[in-house]
There are 2 protein chains.
Amino acid sequence: MSVDVSARAGIVVTGTEVLTGQISDRNGPWVSTQLLDLGVDVAHITVCGDRPDDLRAALRFLADEHVDLIVTSGGLGPTADDLTVATVAEFCGRELTLDTAVEAQIADIVRSWSLKRGADPDLESVRAATRKQAMVPTGATVIAPAGTAPGVVVPAGDRTPVVMVLPGPPRELQQMWPASIVADNVVAAIAGRTESTTETILMFGTAESELAETLRDAEAEVDGFDTLEITTCLRRGELEMVTRFAPHAADAYRAVADLVVHRHGATVFSTDGSTVDDQVAELLSGHRVATAESCTGGMIAARLTDRAGSSAYVMGGVVSYDNSAKTDVLDVPAAMIAEHGAVSEEVAAAMAAGALSRLGADIAVSTTGIAGPGGGSDEKPVGTVCFGIARAGGEVVTRRLVLPGDRADVRERSVTVAMHLLRRALSG
Amino acid sequence: MSVDVSARAGIVVTGTEVLTGQISDRNGPWVSTQLLDLGVDVAHITVCGDRPDDLRAALRFLADEHVDLIVTSGGLGPTADDLTVATVAEFCGRELTLDTAVEAQIADIVRSWSLKRGADPDLESVRAATRKQAMVPTGATVIAPAGTAPGVVVPAGDRTPVVMVLPGPPRELQQMWPASIVADNVVAAIAGRTESTTETILMFGTAESELAETLRDAEAEVDGFDTLEITTCLRRGELEMVTRFAPHAADAYRAVADLVVHRHGATVFSTDGSTVDDQVAELLSGHRVATAESCTGGMIAARLTDRAGSSAYVMGGVVSYDNSAKTDVLDVPAAMIAEHGAVSEEVAAAMAAGALSRLGADIAVSTTGIAGPGGGSDEKPVGTVCFGIARAGGEVVTRRLVLPGDRADVRERSVTVAMHLLRRALSG
């Protein structure tokens, strides 16, 4: 399954804190997605620490793999162990020279920051740091900084591809990306890129093995199946099928997508790239939603309020972790808890109804379950979660499931289920 | 700054869904941390898609860098595009042969799963999948599967290091790790590892540049500073300084740590590896905590209940997103909101007091703020967040801050601040 792509790139993420797992890399996947969207194939992402030898080795590896473009992130700071520009310059056989215009620009930024903090912007140590960040490989294009560190694009050499050097902080890198990608050298490097389309189908309730079976059938039935690059993955309880293909393969994709929808239509909830969060947000327009959470402990409310503008429809919620919170704040009868247990469809229904009423909402969702590791029984094993959806003037709908995985998995999966219950209730 | 480490490893993460940013890699950082803890230096993490050529290139790169051990993750599934074992076998110059004992073991697992799902375990397609997963490079050690995919450890060859092949699902990989790392071949490969210690200092309130200045002074003052491998990073609003060093450098580390604590003692909250979550959980023992959240929308409650056993001290919380939730569920006077605005220390105090009383807690924390992107004003710019801590029988303490970053940053940083306010209140 490969697409004819004729521009290839490699990504080098630097930073000992990334290599050692202290922080997780956000730049590699982000840059990869951007390049793919441009029709540039990404061959490798490599991560190395702040050691020039290892960085040099990673650059050599990618150059030897004949990529057309290398994108690096990190190592552009003012301190001595930030060595990416110097190492890339040496790798590309170019001198470093002071770019006085860039120096002045950084000095301005540092000065305004220093004054805000009440610090002295004219210290020699500050000047030295500014000067270091203004050293540019000869012939390179400078990308204006989003923080204090400018990026550079170094032209291709005899044995080296174009190298785009960007800073490590994801926000700075992302802000500088649009200017970087239109630099003449970069445009030339990725000239061979293939226009391609990426389509995503999202399912909730189909197993990965069932989809695999459908795709095996598609492989046998659909002409041009092998020109599609299909990846499937299970993410937060949803099954995602992403397909990348060249324009000439559009019919093949259509045939495969039709087969998937035909077989698994009841579980397919998105074919246009929208997420369940997007759909729920849209469906909630004009509504007032409330949450009543036990095992998810606030995660549903946190997810709903993650979006800018959610204050238009989120009234709020109650995290009724202790049983007294269920009775006192959500009006769940203590006798009901005593009879059915806190993890029961009855209590889930009462929690949702309580949230609806207490928070003046017209739709409310509830969870009560055993996230583990303790607290399970034969009748209610770890992973047992009950859900409720209450509507103003309507009945309360409940659901009881046993979700797989550890405590974090059960909680996260419960949030996904709750989002889909909201989606189904709201879409009628 | 380098430590004399004489066993080096490389990690190869495979999977198109990781390379393309569909899912984020959890295995590279995890394996890296494990290896570092064993005293094995990690040179590179590389990520490639499900293409044999790219996997082969990554293996060749690491072998040419003279690593002693390569760990791969992913590509062990039953489907045709899972090619890691076959590619590694070829790379190491070994034949694949069917291991009938492994085949029987996988068949047992698949059979019990199939029966649970009501599927037929004797289909030829199931048998073929089982057989594929039981193909083992000659001379390799088999690591028993945690799912259905066994791992293998392939011995070193003339130009190839020991290669440990593990599955992609993080839970499976992590469960199989202890057995993998004691395989004879692996023990021999990392025999040169250097015993080393990793120490972590966590600060809340010191800027990274201030710590950098302290470390520059330490470099000048402390003998043996250059034998310490120090990384600093800002994570979720906390500043983390991680130092790895060999036994002979313990005195140098002690001197640096003393200097850091001397300079930044008021902000240092952990020198023993404990997190603020650990500390708050311990301090909450015997207490009853409640939350009242507006801009954080449930994230504090979610974080507190993230831990197993938190039901012993978490009563619950209220997400009072809409003003009516603040007045109706938390008893914040409507007149107070009208006079001071929902984002004010007054309202934060009333919210905390309301949660304390409504949820029968003895300590409560509240947040109300402007996470953005809209809603800011000159007087209360985006990022303005007010916090309250209420204690049973005590005064309510409030704090007003302006936090940097976008909506997600402001929310996450607010949760960190709330955790530290709880810590400080509880530790007196």
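Everything discussed here concerns the structure shown above.
Not measured: the values here are computed from a predicted model.

Take the nonpolar core next. Counting residues in each nonpolar core, the largest one holds 54 residues, and the members touching the most others are A:L35 and B:L35. Ignoring anything within four residues of it in the chain, the contact list for A:L35 reads A:A9, A:I11, A:V40, A:V42, A:L69, A:V71, A:W177 and A:I181. If you look at the next biggest cluster of nonpolar residues, it comprises 48 residues, including A:A43, A:L55, B:L62 and B:V67.

Attention now goes to the relation of the copies chain B and chain A. The transformation that overlays chain B on chain A combines an axial shift of 0.1 Å with a rotation of 180 degrees, and the residual RMSD is 0.1 Å. Taken together, the rotation and translation describe the operation of a two-fold axis. Comparing interface residues between copies, 100% of those in chain B also lie at the interface in chain A; the contact surface is shared.

Residues and elements named next belong to chain A. Two elements in contact, helix 11 (residues 276-283) and helix 16 (residues 407-426), have axes separated by 9 Å at closest approach and are oriented at 40 degrees. Comparing their axes, helix 16 and helix 11 come out oblique. The two elements helix 11 and helix 16 cross, and the hand of that crossing is left-handed. Of the residues in helix 16, those in contact with V276, D277, Q279, V280 and L283 of helix 11 are M419, H420, L422, R423 and L426. Tallied by class, residues from the contact of helix 11 with helix 16 come to 6 nonpolar, 2 polar and 2 charged.

By the definition in use, this model includes 0 disulfides over all chains. Here A:C233 stays free of any disulfide, with the sulfur of B:C48 as its closest cysteine sulfur at 17 Å. Residue classification places A:C233 among the buried positions, given a relative accessible area of 4%. Cysteine A:C295 is unpaired, with the sulfur of A:C386 as its nearest cysteine sulfur at 9.0 Å.

Attention now goes to the sheet that holds strand 15 (residues 363-369) of chain A. Taken in spatial order, the 10 strands line up as 17(A)-16(A)-15(A)-13(A)-14(A)-14(B)-13(B)-15(B)-16(B)-17(B) in an open sheet, and their pairing is mixed. If you trace the sheet from one side to the other, it starts and ends with strand 17 (396-402) of chain A together with strand 17 (396-402) of chain B, each paired once. The sheet shows a mean angle of 10 degrees between the axes of neighbouring strands, direction not considered. With 7 bridges connecting them, strand 15 of chain A and strand 16 (residues 384-391) of chain A associate as antiparallel partners. In the sheet register, A:G369 faces strand 16 of chain A, and the bridge partner there is A:V385. Helix 13 (residues 323-330) of chain B contacts strand 14 (314-319) of chain A together with strand 13 (289-293), strand 14 (314-319) and strand 15 (363-369) of chain B of the sheet and is inclined by roughly 140 degrees relative to strand 14 of chain B. Helix 16 (residues 407-426) of chain B contacts strand 13, strand 15, strand 16 (384-391) and strand 17 of chain B of the sheet and is inclined by roughly 25 degrees relative to strand 16 of chain B.

So, on to helix 7 (residues 170-181) of chain B. All names here are of chain B. Relative to the 16 Å expected for 12 residues at 1.5 Å per residue, helix 7 spans 16 Å between its end C-alpha atoms, a close match to the ideal helical length. Every buried residue belonging to helix 7 is among P170, L173, M176, W177, S180 and I181, and all of these are buried. Each buried residue of helix 7 sits inside an arc of 145 degrees when the element is viewed along its axis, so together they form one side. If you follow the buried residues of helix 7, they end up packed against helix 2 (27-37), strand 3 (69-73), strand 6 (141-143), strand 7 (151-154), strand 8 (162-166) and helix 8 (184-189).

Let us now look at the pattern of salt bridges. Following the criterion strictly, the structure yields 30 salt bridges over all chains and no others. Salt-bridge contacts for A:R159 lead to A:D64; the nearest nitrogen and oxygen are separated by 3.8 Å. Of the two residues, A:R159 sits in the loop between strand 7 (151-154) and strand 8 (162-166) while A:D64 sits in helix 3 (residues 52-64), which places them 95 residues apart along the sequence. Note on A:R159: relative accessible area 57%, which makes it exposed. What makes A:D64 partly exposed here is its relative accessible area of 40%. A salt bridge links A:D331 to A:R358, with the shortest nitrogen-to-oxygen separation between them at 2.8 Å. One end of the pair, A:D331, is in the loop between helix 13 (323-330) and helix 14 (334-340); the other, A:R358, is in helix 15 (residues 345-358), and 27 residues separate them in sequence. The partly exposed category is assigned to A:D331, whose relative accessible area is 41%. A:R358 sits in the partly exposed class, given a relative accessible area of 24%. A cluster of three or more residues bridged by salt bridges with shared partners is formed by A:R8, A:D41, A:E229, A:R244, B:R51 and B:D54.

In this section: helix 3 of chain A. With 13 residues, helix 3 of chain A should cover 18 Å at 1.5 Å per step; its first-to-last C-alpha distance of 18 Å lies within 8% of that length. Of the residues one or two after helix 3 of chain A, A:H66 is the one with positive phi, at around 60 degrees.

Right, let's talk about unusual backbone geometry for a bit. The residue after A:G372, namely A:P373, is reached through a cis peptide bond having omega 0 degrees. With phi around 60 degrees, B:H66 is a residue other than glycine that occupies positive phi space. Tracing the chain through its elements places B:H66 in the loop between helix 3 (52-64) and strand 3. By relative accessible area, B:H66 is classed as exposed at 63%.

A few words on the interface of chain B and chain A. The partner chain A presents 74 residues to the 74 residues of chain B that form the contact. When the two sides are added together, the surface that chain B and chain A hide from each other amounts to roughly 5600 Å², 52% of it contributed by carbon and sulfur. Its largest share of buried area at the contact with chain A, chain B owes to B:Q22, B:R51 and B:Y321, together 11% of the area lost on that side. Applying the counting rule to chain B against chain A returns 8 salt bridges. Taking the shortest distance from any N to any O, the salt bridge between A:R51 and B:D41 comes out at 2.9 Å. Inspection of the chain B/chain A interface yields 37 residue pairs in polar contact (both at pLDDT 80 or more).

On to the pairing of strand 9 (residues 197-203) of chain B, then. The side chains of a regular strand alternate between both faces of the sheet. Residues and elements named next belong to chain B. Bridging between strand 9 and strand 11 (residues 238-245) involves 7 bridges; their strand directions are antiparallel. What sits directly across from L202, in strand 11, is E240. As paired elements, strand 9 and strand 12 (residues 268-270) share 2 bridges and run antiparallel to each other. For L202, the partnering residue across the bridge sits in strand 12 and is S270.

What counts, and where the lines are drawn
Residue numbering note: each chain is counted from 1, following its sequence as written. Key to labels: chains lettered from A, ligands numbered from 1, both in the order written. Thresholds applied to this predicted model are a pLDDT of at least 70 for local features of residues and 80 or more for the giving and counting of side-chain atom pairs; totals over whole chains, interfaces and linings are not thresholded and use all residues. Side-chain metrics in this entry use all non-hydrogen atoms of the structure; hydrogen atoms and water are not considered. To qualify as a nonpolar core, a set must consist of buried Ala, Val, Leu, Ile, Met, Phe, Trp, Tyr and Cys residues joined through side-chain atoms within 4.5 Å. Per-residue accessibility, obtained with a 1.4 Å probe over protein chains only, is compared with the maximum for each type, and a residue is labelled buried under 20%, exposed over 50%, and partly exposed between these values. Note on contacts: a residue pair qualifies if any of its non-hydrogen atoms lie within 4.5 Å across the two residues. Least-squares superposition aligns the copies on the C-alpha atoms of those residues with pLDDT at or above 70 in both. For helices, the fitted axis covers only the stretch in contact; all axes are lines through C-alpha atoms, and the angles between them, taken along N-to-C directions, range from 0 to 180 degrees. Per the convention used, a helix needs a DSSP run of H or I reaching at least four residues, while a strand needs a run of E reaching at least two, with both numbered from the N terminus. Here the angle decides the label: under 35 degrees means roughly parallel, over 145 means roughly antiparallel, 65 to 115 means roughly perpendicular, and every other value means oblique. If you view the pair so one helix is near and one far, a crossing is left-handed when the near helix is turned anticlockwise from the far one by less than a right angle, and right-handed when it is turned clockwise. Nonpolar residues are Ala, Val, Leu, Ile, Met, Phe, Trp, Tyr, Cys and Pro. Charged residues are Asp, Glu, Lys and Arg, and all others, Gly as well, are polar. Only a pair of cysteine sulfur atoms within 2.5 Å counts as a disulfide in this structure description. Note on pairing: DSSP must find at least two bridges between two strands before they are called paired. A helix is expected to span 1.5 Å multiplied by its residue count minus one. Our arc is simply the arc of the directions from the helix axis toward the C-beta atoms. Basic side-chain nitrogens of Lys or Arg form a salt bridge, by our definition, when they fall within 4 Å of a carboxyl oxygen of Asp or Glu. Accessible area, probed at 1.4 Å, shrinks when two parts are joined; the buried area is that loss added up over both. We call two N or O atoms a polar contact when they sit within 3.5 Å, provided that within protein one can donate a hydrogen and the other can accept it, with sequence-adjacent residues counted only if both atoms are side-chain atoms.

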